[in-house]
Structure formats: structure tokens, C-alpha cells
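Chain residues, written in single-letter form:
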Amino acid sequence: TKNTNDNEIVFKVQIASGSKKLKIKSKNFKGLEGVSVEESENIFRYYYGEYRSYSEAVKEQEMIKQKGYPSAFIVAYEKGVKIPIKEAIEATTN
């Protein structure tokens, strides 16, 4: 389930990062649709999906690993700001 409410904690799967900006086209991301990008300190980070629950993100992470991103990992955001994953899991399981 996609979540666009900035007031809630969301989980995303980071699939790649690098110093070069890639066009957000599925062919650049092994067929994945809906990839987003964020830049900070000249590093571009590419994310897939936006999930309300950690377990939902884990399921997608497995699919992404099978698509050819073995180092994909989950990150968490609250109100659009990256937060520690442990904090996000605790906040969403209480």
C-alpha cells in the first residue's frame, strides 16, 4: 500500500546510490517502476516503494533482491525526514 501522508512513518527500500544521477526509467532499474531519488552531499540515493509497515517493506525487499539488487536495504522516514530504522519499527509496532 502506498502512503502519501507525510505525518506518518513510512518505510522505503533503498536499491542503489551513487554520484551520478540516473534517469528514473524502469529500464535503468531492472524493470522496477516507481523508483524515487533523493540527493544529499552529491550522492544520489534510489528508493523503491513507500510502505506503512516494516513487514510489507521486507516482502518488497526480498522481491527487489531477486530482481538483482542483493544489497537492497530498508530505510524509514517520519514526516519526510529519515529516522533510524529501529526507532521506526518500535513506533509502528506499539
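Since the structure is predicted, the reported quantities are computational estimates derived from the model, not experimental observations. (Residues numbered from 1 in each chain as written. Predicted model: local features only at pLDDT ≥ 70, side-chain atom pairs only at ≥ 80, totals over all residues. Heavy atoms only, no water.)

What is the right way to read the pattern of salt bridges from this model?
When charged atoms on two side chains of opposite charge get close, those side chains can pair. The final tally for this structure, using the stated rule, is three salt bridges. Note that arginine 52 and glutamate 8 form a salt bridge whose closest N and O atoms lie 3.9 Å from each other. Taken together, the residues arginine 52 in the loop between strand 3 (43-51) and helix 1 (54-66) and glutamate 8 in the segment before strand 1 (9-18) connect sequence positions 44 residues apart. Taking relative accessible area as the criterion, arginine 52 reaches 42% and is therefore assigned partly exposed. Note that glutamate 38 and lysine 12 form a salt bridge whose closest N and O atoms lie 3.6 Å from each other. Note that glutamate 38 is positioned in strand 2 (residues 35-40) and lysine 12 in strand 1, a separation of 26 residues in sequence. Exposure remark for lysine 12: the relative accessible area of 9% places this residue in the buried category. Where salt bridges share partners, they join Lys12, Glu38 and Glu50 into one cluster. (Salt bridge = Lys/Arg side-chain N within 4 Å of Asp/Glu carboxyl O. Helix = DSSP H or I, 4+ residues; strand = E, 2+ residues; numbered from the N terminus. Buried < 20%, exposed > 50% of the residue type's maximum accessible area, 1.4 Å probe, protein only.)

Is there a simple way to explain helix 1 in this structure?
For an α-helix the count is 3.6 residues per turn, leaving residues at separations of three or four pointing the same way. If you check helix 1, its first and last C-alpha atoms are 19 Å apart, about what 13 residues at 1.5 Å a residue would give, namely 18 Å. Residues of helix 1 that are buried sit in contact with strand 1, strand 3 and strand 4 (73-78). Note on helix 1: the residue one or two positions beyond its end, glycine 68, has a positive phi of about 115°. (Expected span 1.5 Å × (residues − 1). Contact = heavy atoms within 4.5 Å.)

Explanation requested: the pairing of strand 2 in the structure shown.
In summary, the side chains of a regular strand alternate between the two faces of the sheet. Relative to strand 3, strand 2 is paired through six bridges, and the arrangement is antiparallel. Pairing of valine 37 across the sheet is with tyrosine 46, part of strand 3. Hairpin remark: strand 2 followed by strand 3, antiparallel, with two residues in the connecting loop; positive phi at glutamate 41, about 50°. (Pairing = 2+ DSSP bridges.)

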